[in-house]
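# Coordinates in review
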Amino acid sequence: MSILGLKKKQPKTFKVKVITMDAEMEFSCEVKWKGKDLFDLVCRTVGLRETWFFGLRYTVKDTYAWLKPEKRVLDQEVPKDSPITFHFLAKFFPEKVEEELVQEITQHLFFLQVKKQILDEEIFCSPEASVLLASYAVQAKYGDYDPNFHKPGFLAQDELLPKRVLMQYQMTADMWEEKITAWYAEHRGIARDEAEMEYLKIAQDLEMYGVSYFAITQNKRDTDLLLGVDAQGLHIYSPNSKLNPNKSFPWSGIRNISYSEKEFTIKPLDKKKDVFKFYSSQLRVNKLILQLCIGNHDLFMRRRKVDSIEVQQMKAQAKEEKARKKMERQILAREKQMREEAERAKEEMERRLFQLQDEARLANEALLRSEETADLLAEKAQIAEEEAKLLAHKAAEAEQDRQRLEVTAMKTKEEKRLMEQKMREAEQLAVKLVEQSERRLKEADHLKQDLTEAKDAERRAKQKLLEITKTTYPLIAAYSTPAPPAPPEAADFAYESASTRLDFKDSDMKRLSMEIERERLEYMEKSKHLQDQLKELKTEIESLKLEEQQQQAGLYSLRNEARGYIQEPVYIPHSNRNSAYMSQMAFFEEV
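What counts, and where the lines are drawn
Residues numbered from 1 in each chain as written. Predicted model: local features only at pLDDT ≥ 70, side-chain atom pairs only at ≥ 80, totals over all residues. Heavy atoms only, no water. Helix = DSSP H or I, 4+ residues; strand = E, 2+ residues; numbered from the N terminus. Buried < 20%, exposed > 50% of the residue type's maximum accessible area, 1.4 Å probe, protein only. Contact = heavy atoms within 4.5 Å. Salt bridge = Lys/Arg side-chain N within 4 Å of Asp/Glu carboxyl O. Expected span 1.5 Å × (residues − 1). 1 Å grid on protein atoms, 1.4 Å probe; cavity = no way out; pocket = protein on both sides within 12 Å on 5 of 7 lines; lining within 4 Å. Points joined across faces, edges and corners; volume = space filled by probe spheres on them. Phe/Tyr/Trp six-rings, centres within 6.5 Å; stacked < 30°, edge-to-face > 60°. Lys NZ or Arg CZ within 6 Å of the ring centre and 35° of its normal. Polar contact = N/O pair within 3.5 Å; in protein donor to acceptor, adjacent residues only side chain to side chain. pLDDT = per-residue confidence, 0-100. Pairing = 2+ DSSP bridges. Axes fitted to C-alpha atoms, helices over the stretch in contact; angles between N-to-C directions.

## What to know about the overall build of the protein
- Helices and strands together make up the secondary structure of the protein, namely 13 helices and 12 strands.
- Expressed as a percentage of the 591 residues in the protein, the buried residues total 30%.
- Within the protein, contacts between residues separated by at least 24 positions form 62% of all contacts whose residues are at least 6 apart in sequence.

## Description of the pattern of salt bridges
- Tallied over the entire structure, the rule returns 26 salt bridges.
- For lysine 201, the salt bridge goes to glutamate 198, with nearest N and O atoms at 3.5 Å. Of the two residues, lysine 201 and glutamate 198 both sit in helix H8 (residues 192-203), three residues apart, roughly one turn of that helix.
- The exposure class of lysine 201 is partly exposed, given its relative accessible area of 25%.
- The exposure class of glutamate 198 is partly exposed, given its relative accessible area of 27%.
- One salt bridge in this structure joins glutamate 321 and arginine 324, with 2.0 Å as the shortest N-O distance. Of the two residues, glutamate 321 and arginine 324 both sit in helix H10 (residues 309-479), three residues apart, roughly one turn of that helix.
- Since its relative accessible area comes to 38%, arginine 324 is described here as partly exposed.
- One network of salt bridges, in which partners are shared, links Glu95, Glu100, Arg303 and Arg304.

## Topic: helix H4 (residues 104-119)
- Relative to the 22 Å expected for 16 residues at 1.5 Å per residue, H4 spans 22 Å between its end C-alpha atoms, a close match to the ideal helical length.
- Residues of H4 that are buried include every one of Thr106, Gln107, His108, Leu109, Phe110, Phe111, Leu112, Gln113, Val114, Gln117, Ile118 and Leu119, and no others.
- Directly after H4, the chain includes glutamate 121, whose backbone phi takes a positive value near 65°.

## Things to note about empty space enclosed by the protein
- Evaluation of the coordinates by the stated rule reveals two cavities of 30 Å³ or more.
- Of the pockets and cavities examined, the largest cavity occupies roughly 60 Å³.
- What lines the largest cavity is simply Lys115, Ile118, Leu119, Ser130, Leu133, Ala134, Ala137, Leu160, Pro162 and Tyr199.
- Those elements that provide at least two residues to the lining of the largest cavity are H4 and helix H5 (127-142).
- Considering every element that reaches the lining of the largest cavity, the biggest residue donor is H5, with four residues.

## Focus on the packing of aromatic side chains
- Counted according to the given criterion, the structure contains 18 aromatic pairs.
- Judged by centre distance (5.5 Å) and plane angle (75°), the ring pair of tyrosine 145 and tyrosine 184 falls under edge-to-face. Of the two residues, tyrosine 145 sits in the loop between H5 and helix H6 (163-168) while tyrosine 184 sits in helix H7 (residues 173-184), which places them 39 residues apart along the sequence.
- Taken together, the aromatic side chains of Phe39, Trp52, Phe53, Phe54, Phe88, Phe93, Phe110 and Tyr209 make up a single cluster linked through ring pairs.
- The ring of tyrosine 64 has arginine 57 lying over it, and the distance from NZ or CZ to the ring centre is 4.6 Å.
- Over the aromatic face of tryptophan 52 sits the side chain of arginine 302, whose NZ or CZ is 4.1 Å from the ring centroid.

## Describing the side chain of glutamine 76
- Position of glutamine 76 relative to the elements: it lies in the loop between strand E4 (63-66) and strand E5 (84-90).
- A residue is classified by how much of its surface remains accessible, and glutamine 76, at 6% relative accessible area, is buried.
- In this structure the side chain of glutamine 76 is engaged in a polar contact, spanning 2.9 Å, whose partner is the backbone oxygen of lysine 68.

## With respect to the confidence of the model for the protein
- Residues with a pLDDT of 70 or more make up 84% of the protein, whose mean pLDDT is 80.
- Segment residues 1-7 is flagged for pLDDT under 50; beyond a separation of four residues in sequence, or across chains, it makes one contact in the model.
- In the predicted structure, residues 564-591 sits below a pLDDT of 50 and forms 40 contacts with residues beyond four places in sequence or in another chain.

## Concerning the sheet that holds strand E9 (residues 247-250)
- Spatial strand order, E9-E8-E7-E6-E12-E11-E10: seven strands in an open sheet with antiparallel pairing. The open sheet terminates on both sides in strands that have one partner only, identified here as E9 and strand E10 (254-260). With direction set aside, neighbouring strand axes in the sheet form an average angle of 30°.
- In terms of strand pairing, strand E6 (residues 212-217) meets strand E7 (residues 225-229) through five bridges, oriented antiparallel. The residue bridging serine 212 from the neighbouring strand is valine 229, located in E7.

Dropping the structure here:
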């Protein structure tokens, strides 16, 4: 016998891909494996012990079928693709999820499947219930709501509501997120498995929860009915309404279900009630309906019996596991609370530390500012003291200036008084001189008149003298002898002698002429003397005016320097008198 003949033949295998609600798995299966072998492998891989709710579903033409556990996999109408694809799904649904679902993995798989059916609108859900279910789904995924972490928009990538609900209202995604977040914030402290259980407890009350629908007819011609199979029994619906059944057959009221090819017969437990018959279009669908009916009925009967040892052990373990997890969650919550309190205390201490540091910094800054202020105040005090000294010095100087100004003002007043007195005296003198000049003018006029009259008298006297001379000279020539011609000197002498005789005869006239000449000379001397006095007076007055202007300018500058004010008497010259005075002086200058 050869060595090759001793070797065992390697079994042939085929590839299988199993898709669960949250994972994909691939297995290499032997050709002799039955459906139960593959199913058990998947359950062991997933860690599922509540296997009676689940099955492996595959697609056949236009419908689906469940893998039968007693037949080999390849002997069933499975797809011939490689790998062969199966979906690991819940085939039967519990009546009360809180009592029947023991393992956490079982709850999680049911939660994922029911959630997908609601989002795909296989299970009808109102908008209010959809928002509430979405809030529990968010709690299961993200944990407790934290406004510092869960910022607006954190649900933008999550599918949480059916499209029908989204299209029913004119609301934006942000508005829906705000509504979901408002409910989500109320679920603080709920663990993931508890949130998923709360989700299932709400979902199990929906009318289409756990119902498998099939199109049937009450006779061979009509196709206007729907058959619904669920954990409660069989239900007959109108084609357009899957929510409210027209007729129901609970499992407790059914005695027998049978089918022959396409005809189904439901025999009630009460023999008085009529037998209900209906027809299905395909034999494959009839087999599927029968499988679901048998499985749901078995579970219905199983729920009403005492739990098996396995189930009791599972429930005990699940209870212990829940208690342990609850204790762990409590410890975790307590530790979390302590940590939060410690963090809050730490934050408070850090805040207090920062506050104390800020206070210390502010105190240091205030101290520095106070020191700077003290230095500044000392410097300001020194400056103020120096300024006070300077001001005192300036005040003393100002007082001296004031006293000097007062003295100057007094001197100025005295000088002005003297000057005014001199002006008054000058004016009086000018008036006197004017009066005297007017009197002299009158006297001069009289003298001129007298002189004119004297000259006229002299001229008349000379005329008379000439006439007398002419009259006398011929008489003398006639009575006397002719004498020899005298020399010219003798003639002149004779003439002068005659004139002398004549003048002598006219002695009064000569005396008057001499007196007039003497008066004229005296008048000219007095006029010249008066003119000189007037010139001196004019020069003195001009010098006094110039000195007064200089004194006024000096007083004005002193007042500006001392920033004071001294009221001074202002001398206003008498323009009329000065003009008269100047006219009189002009007259004397002419004279």
